[in-house]
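What the coordinates show
Residue-level listing of the chains:
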Amino acid sequence: MTGPVESLRRLGRELRRRGVTRACVVYIIACWVVLQVSDIVFNSLEADMTLVSRGLLAAALLGLPVVIAISWFYQFSATGVRRTTPFTEQRVLDNIAMLDDRRKDAPKRGLPARHAATYDWVLEVDSGPLSGKRYGVEEDVIVGRSSGCELTIPVAHISRRHLRFRIDDDGLLLEDLGSSNGTLLNGRQIAGPTLLHHHDVVEIPNVKIRVLENLARARNTDATTQHTLQLAAERNPHKVPPET
């Protein structure tokens, strides 16, 4: 059963994916600018600023729900206005299961998603068509425009097979698969397989993917490994050669 905290997290991710938070911030800044300009203009006209300020503030508060509603269904960009793709429509992609996917049937690709705490690494998409979605990494994950990828992202400037996340003995590796526009890691283009760390940001055209490491799970694994090695050393102690 989904708890209230997880429900709030899912709502927050959906608000970010749809651009609602960004639209609200822009709206609040615009209202503040209007209030400052109106203060200068109406002061020069010797108008009753108390009445004017209250009227503008009331209009701003009434306009906020309208902005939230519009930004929930539509996204505005330099290329124009487009309708935000609902979550249900994104399931037509044969991607690996999302961590918040509540479908009972197994996904067509990969394994059913488990709880986030059971994964060593999690990919959180911060922007693009899959914004707000999270995916656990337990095997190779290829990202690209092709429907044959584990994560298909339908963006024009992304190559068919753009990059790969690969689990190695040292951790999680990032590889560019010869893409046309390259892959950025924390703002710098990678040239070969690169080891990833907690909160690294991977960028491809119009898409940002944040890499999250389960540090608590990693510490537990290290502690277990250290305990195993200690028991092995106690059972098979090395003989120290006598001093000469």
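In the block above lies the structure referred to throughout.
Conventions we followed
- Residues numbered from 1 in each chain as written.
- Predicted model: local features only at pLDDT ≥ 70, side-chain atom pairs only at ≥ 80, totals over all residues.
- Heavy atoms only, no water.
- Buried < 20%, exposed > 50% of the residue type's maximum accessible area, 1.4 Å probe, protein only.
- Helix = DSSP H or I, 4+ residues; strand = E, 2+ residues; numbered from the N terminus.
- Pairing = 2+ DSSP bridges.
- Polar contact = N/O pair within 3.5 Å; in protein donor to acceptor, adjacent residues only side chain to side chain.
- Patch = residues over 30% accessible without salt bridge, like charges linked within 9 Å, V, L, I, M, F, W, Y side chains within 5 Å.
- Areas by Shrake-Rupley, 256 points an atom, 1.4 Å probe, with all protein chains shown as cover.
- Salt bridge = Lys/Arg side-chain N within 4 Å of Asp/Glu carboxyl O.
- Axes fitted to C-alpha atoms, helices over the stretch in contact; angles between N-to-C directions.
- Parallel < 35°, antiparallel > 145°, perpendicular 65-115°, else oblique.
- Left-handed = near helix turned anticlockwise from the far one by under 90°.
- Contact = heavy atoms within 4.5 Å.
- Nonpolar A, V, L, I, M, F, W, Y, C, P; charged D, E, K, R; others polar.

As a further point, take the pairing of strand β4 (residues 134-137). Burial along β4 is two-sided: Arg 134 and Gly 136 and Tyr 135 and Val 137, pointing in opposite directions, are all buried. Here 4 bridges tie strand β3 (residues 121-125) to β4, and the two strands are oriented antiparallel to one another. Within the sheet, the bridge partner assigned to Glu 124 lies in β4 and is Arg 134.

This part takes up the side chain of Ser 71. Looking at the element boundaries, Ser 71 is found in helix α3 (residues 49-73). Of the polar contacts made by the side chain of Ser 71, one reaches the backbone oxygen of Ile 68; its length is 3.1 Å.

The next point concerns the sheet that holds strand β7 (residues 163-168). Reading across from one edge, β6-β5-β7-β8-β11 is the order of the 5 strands in this open sheet, with mixed pairing throughout. Looking at which strands have only one partner, the edges of the open sheet turn out to be β6 (151-152) and β11 (194-195). As judged from the 2 bridges shared by strand β8 (residues 171-176) and β11, these two strands associate in the antiparallel manner. Considered in β11, the bridge of Leu 174 is made with Thr 194.

We now examine a nonpolar patch on the surface. Together, Val 25, Ile 29, Trp 32, Val 33, Val 37, Val 41 and Leu 45 make up a nonpolar patch on the protein surface, roughly 670 Å² of accessible area in all. Relative to the helices and strands, Val 33 resides in helix α2 (residues 20-44). On the basis of relative accessibility, which here comes to 40%, the residue Val 33 falls in the partly exposed class.

Overall, antiparallel pairing links the 6 strands, which are arranged β4-β3-β13-β12-β9-β10 in an open sheet. Strands with a single pairing partner mark the edges of an open sheet, and in this sheet they are β4 and β10 (188-189).

Turning our eyes to something else, we now look at the packing of α2 against α3. Interhelical geometry of α2 versus α3 gives an angle of 160 degrees and a closest axis separation of 10 Å. Considering the angle they form, α2 stands roughly antiparallel to α3. For the pair α2 and α3, the crossing hand works out as right-handed. Residue-level inspection shows Val 20, Ala 23, Cys 24, Tyr 27, Cys 31, Leu 35, Ser 38, Asp 39, Phe 42 and Asn 43 of α2 in contact with α3, the latter providing Met 49, Val 52, Leu 56, Ala 59, Ala 60, Gly 63, Leu 64, Val 67, Ile 68, Ser 71 and Trp 72. For the contact of α2 with α3, the residue count by class is 16 nonpolar, 4 polar and 1 charged.

Taken by themselves, the reported measurements are silent on function.
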